[in-house]
Amino acid sequence: MMENKVFMSFMFYSTILILKMYVVAIITGQVRLRKKAFANPEDALRNGGLQYYREDPDVERCRRAHRNDMENIFPFLFLGAVYSLLDPSPTVARIHFFIFCVGRIVHTVAYLLRLKAPTRSVAYSVAQLPCFSMALQILVAAIPYW
């Protein structure tokens, strides 16, 4: 696998995306602490009392960004791994992975910084294009074995 240029490229971009998800999780925790909005009563008690066992719109925004990452990055991990096995052009594959990665980073930045619409939805849509392309190529390759 380590000699497969496409798979190595996939691993690189996948790792960046996973690290990005960790960053969003850390940001969510920091916003929770700053806003004193804890999801669990024991955390609220440790940080001032049960009155802080509550929801906060800024924390919820971070959580939605993280959930959106899970809804989109996890399928990319499957599609990209299988796509890498199809022996695609390394350049074309790298473009697929790069577009998805940049789209997801822009989407997260737009979400967390409340950038003006339609920045977030454009980033989301652009990131979906390589996923649809990879899915279609996987299906075409699998049709003879159906």
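My aim in this report is to walk through the structure given alongside it, one point at a time. (Residues numbered from 1 in each chain as written. Predicted model: local features only at pLDDT ≥ 70, side-chain atom pairs only at ≥ 80, totals over all residues. Heavy atoms only, no water.)

1. Details of unusual backbone geometry
Point 1. With an omega dihedral of 10 degrees, the bond running from Ala 117 to Pro 118 counts as a cis peptide bond.
Point 2. Within the secondary structure, Pro 118 is located in the loop between helix H4 (90-113) and helix H5 (119-142).
Point 3. Of note in this structure, Asp 87 is not a glycine but carries a positive phi near 60 degrees.
Point 4. In this structure, Asp 87 sits in the loop between helix H3 (57-84) and H4.
Point 5. The exposure class assigned to Asp 87 is exposed, which follows from its relative accessible area of 69%.
Point 6. Unlike most non-glycine residues, Arg 114 shows phi in positive territory, near 55 degrees. (Helix = DSSP H or I, 4+ residues; strand = E, 2+ residues; numbered from the N terminus. Buried < 20%, exposed > 50% of the residue type's maximum accessible area, 1.4 Å probe, protein only.)

2. As for the packing of aromatic side chains
Point 1. Inspection of every chain in the model, using the stated rule, returns eight aromatic pairs.
Point 2. A ring pair is formed by Phe 7 and Phe 10, whose centres lie 5.8 Å apart and whose planes are at 40 degrees; its orientation type is tilted. Of this pair, Phe 7 and Phe 10 both sit in helix H1 (residues 5-35), three residues apart, which is roughly one turn of that helix.
Point 3. Taken together, a centroid distance of 6.1 Å and an interplanar angle of 90 degrees make the contact between Tyr 83 and Phe 97 edge-to-face. Of the two residues, Tyr 83 sits in helix H3 while Phe 97 sits in helix H4, which places them 14 residues apart along the sequence. Each of the two residues, Tyr 83 as well as Phe 97, counts as buried.
Point 4. Taken together, the aromatic side chains of Phe 7, Phe 10, Phe 76, Tyr 83, Phe 97 and Phe 100 make up a single cluster linked through ring pairs.
Point 5. Taking the ring centre of Tyr 52 as reference, the NZ or CZ of Lys 36 above it sits at 4.7 Å. (Phe/Tyr/Trp six-rings, centres within 6.5 Å; stacked < 30°, edge-to-face > 60°. Lys NZ or Arg CZ within 6 Å of the ring centre and 35° of its normal.)

3. Describing the packing of H1 against H3
Point 1. Between H1 and H3, the shortest axis-to-axis distance is 10 Å and the interhelical angle comes to 170 degrees. Judged by the angle between their axes, H1 and H3 are roughly antiparallel. As H1 runs across H3, the sense of the crossing is left-handed.
Point 2. Partitioning the contact of H1 with H3 into residue classes produces 18 nonpolar, five polar and six charged. (Axes fitted to C-alpha atoms, helices over the stretch in contact; angles between N-to-C directions. Parallel < 35°, antiparallel > 145°, perpendicular 65-115°, else oblique. Left-handed = near helix turned anticlockwise from the far one by under 90°. Nonpolar A, V, L, I, M, F, W, Y, C, P; charged D, E, K, R; others polar.)

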